[in-house]
Amino acid sequence: MMKNNIKSILHKTGFWASLLAGFLLTSKDALAQNIASNQKNKAQIENNQAANNINIRNTNNPIGYAFDNINKYYPIKNNPKVNEHITKLRKELNSTRWKIQIEQANKIFKSIQRWNTYWEKDIITFIVSTTECDIISKWTIFTDTYRPEDYTEEEDIYYNTFKKKYIDRFTAYEKQFNENLVKLQQRIKEMEQSIQNREQSIQNREQSIQNREQNIKRNIESINESLSVFTPEQVIENQYLYDNIKKIKQGFQENWRKWSLHTEKLFSVIK
């Protein structure tokens, strides 16, 4: 009874409210850190699960996966020659030159991967060997070192399927590429012809201007020669001659044409 009365009195005086507020204030930072830590752990777990779910069967990049994980199953680090060779192959796979081939090969590998009875090591070996021998086709150091045996019967089926799809796909690609190349070459020819036509048009125009200037020059020489038979006095005395020479003078001045010294004398009497 006494205990309940004390509790009632403390409650009425706000003791419990103060105690609760103090607890919340002191634990707020710890609570926030705990929530953040839980979220971080959850994210890490999800990332780890996602990473664990990526394997040779479900990756979108079987070739890259195979080369990145080949050292799990083969001691290539202990074999300098093979290790150097795989390093070179990785660089080739990441180069722009092989981008289209690798993209297409990855799609084919992914489409034919039904390796239910195969270990990941076997799939990686098959993909690395096929890539080495048939896609990049430069060296066969890995295959010669670690795969002296022939393909198994099941591997032969996968290999023949891959090879057919690979050849068919790049035959179609090459056909389309050649068709586009022909179109591009035709377009280049058309542009070259257009440039030639334009250059010819410019040449024709320049020749026309040159011919026009020559004609004008000949006409001016002819006019000067025709005017050479007249004297200033005759120009003044003959109204018809005066009016025509006045027109000639005006035409010369408007077109910035030079005239002879004798023609200058005739022009001098024109008012």
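Residues numbered from 1 in each chain as written. Predicted model: local features only at pLDDT ≥ 70, side-chain atom pairs only at ≥ 80, totals over all residues. Heavy atoms only, no water.

Undergrad: Whenever I open this one, the overall build of the protein confuses me. Can you help?
TA: Tallying secondary structure elements over the protein gives 11 helices and 0 strands in all. Listed N to C, the secondary structure of the protein is α-α-α-α-α-α-α-α-α-α-α in terms of helices and strands. The 271 residues of the protein split such that 25% are buried. Within the protein, counting contacts between residues at least 6 apart in sequence, those at least 24 apart form 69% of the total. Accessible area of the protein: about 19900 Å², with a carbon and sulfur share of 54%. (Helix = DSSP H or I, 4+ residues; strand = E, 2+ residues; numbered from the N terminus. Buried < 20%, exposed > 50% of the residue type's maximum accessible area, 1.4 Å probe, protein only. Contact = heavy atoms within 4.5 Å. Areas by Shrake-Rupley, 256 points an atom, 1.4 Å probe, with all protein chains shown as cover.)

Undergrad: I would appreciate a short explanation of the environment of Y158 in the present structure.
TA: Along the chain, Y158 falls in helix α8 (residues 153-227). Between the C-alpha atom of Y158 and that of I112, which follows or precedes it by 46 residues, the distance is 7.0 Å.

Undergrad: I would appreciate a short explanation of the environment of I112 in the present structure.
TA: The topology assignment puts I112 in helix α5 (residues 99-112). Sequence separation of I112 and K165 is 53 residues, and the distance between their C-alpha atoms is 9.9 Å.

Undergrad: Just to check I follow, could you spell out the pattern of salt bridges for this structure?
TA: Proximity of charged atoms lets side chains of opposite charge pair with each other. With the rule as written, the count across this model stands at 6 salt bridges. The residue K88 makes a salt bridge to E84 at a minimum N-O spacing of 3.7 Å. Residue K88 and its partner E84 are located together in helix α4 (residues 80-93), separated by 4 residues, close to a single helical turn. On the basis of relative accessible area, K88 is assigned to the partly exposed category, the value being 42%. Looking at E84, the relative accessible area reads 46%, which means it is partly exposed. K163 is the partner of D134 in a salt bridge, and the nearest nitrogen-oxygen pair spans 3.1 Å. You can see D134 sitting in helix α6 (residues 120-136) and its partner K163 sitting in helix α8, a full 29 residues away along the chain. Relative accessible area serves as the criterion here: at 15%, D134 is assigned to the buried category. (Salt bridge = Lys/Arg side-chain N within 4 Å of Asp/Glu carboxyl O.)

Undergrad: Would you take a moment to explain the packing of aromatic side chains for this structure?
TA: Given two aromatic rings, one states the distance between the centres and the angle between the planes to describe the pair. As enumerated under the stated definition, the model contains 7 aromatic pairs in all. Judged by centre distance (5.4 Å) and plane angle (45°), the ring pair of F142 and Y146 falls under tilted. Residue F142 and its partner Y146 are located together in helix α7 (residues 141-146), separated by 4 residues, close to a single helical turn. Among the aromatic residues, those joined into a ring-pair cluster are F109, F126, F162, Y166 and F170. If you follow K121 out to its NZ or CZ, it ends over the ring of Y74, 5.1 Å from the centre. (Phe/Tyr/Trp six-rings, centres within 6.5 Å; stacked < 30°, edge-to-face > 60°. Lys NZ or Arg CZ within 6 Å of the ring centre and 35° of its normal.)

Undergrad: Just checking my understanding: could you explain α8 for this structure?
TA: One full turn of an α-helix is made of 3.6 residues, so residues set three or four places apart face in the same direction. Between its first and last C-alpha, α8 extends 109 Å over 75 residues, near the 111 Å set by a 1.5 Å rise per residue. Within the span of α8, buried status applies to E155, Y158, Y159, F162, Y166, F170, I216, I220, N224 and L227. Summarising the contacts, the buried residues of α8 are in contact with α5, α6, α10 (239-254) and α11 (261-268). (Expected span 1.5 Å × (residues − 1).)

Undergrad: Would you mind showing me how to read the packing of helix α3 (residues 62-69) against α6 here?
TA: For any two helices packed against each other, one specifies the inter-axial angle together with the distance between the axes. Running from N to C, α3 and α6 point in directions that differ by 110°, and their axes come no closer than 9 Å. Judged on the interaxial angle alone, α6 and α3 are roughly perpendicular. Facing α3, whose interface residues are P62, I63, Y65, A66, F67 and N69, α6 presents E120, I124, I127, V128, T131 and I135. The residue makeup of the contact of α3 with α6, split by class, is 9 nonpolar, 2 polar and 1 charged. (Axes fitted to C-alpha atoms, helices over the stretch in contact; angles between N-to-C directions. Parallel < 35°, antiparallel > 145°, perpendicular 65-115°, else oblique. Nonpolar A, V, L, I, M, F, W, Y, C, P; charged D, E, K, R; others polar.)

Undergrad: Whenever I open this one, the side chain of H85 confuses me. Can you help?
TA: If you trace the backbone, H85 turns up in helix α4. On the basis of relative accessible area, H85 is assigned to the buried category, the value being 2%. Beyond its immediate sequence surroundings of up to four residues, H85 is in contact with E132, W139, I141 and F142.

Undergrad: Help me out: how do you make sense of α5 in this one?
TA: The end-to-end C-alpha separation of α5 is 20 Å, in line with the 20 Å expected for 14 residues at 1.5 Å each. Those residues of α5 not exposed but buried are I102, Q104, A105, N106, I108, F109 and I112. Lining the buried residues of α5 we find α3, α4, α6 and α8.

Undergrad: It is not clear to me how the packing of α3 against α4 should be interpreted in this structure. Could you clarify?
TA: The interhelical angle for the contact between α3 and α4, taken along N-to-C directions, is 155°, at an axis separation of 11 Å. Put simply, α3 runs roughly antiparallel to α4. For the element pair α3 and α4, the recorded crossing hand is left-handed. Residues I63, F67 and D68 of α3 form the contact with α4, whose participating residues are I86, L89, R90 and L93. Broken down by class, the residue content of the contact of α3 with α4 amounts to 5 nonpolar, no polar and 2 charged. (Left-handed = near helix turned anticlockwise from the far one by under 90°.)

Worth remembering: the numbers are spatial, not functional.
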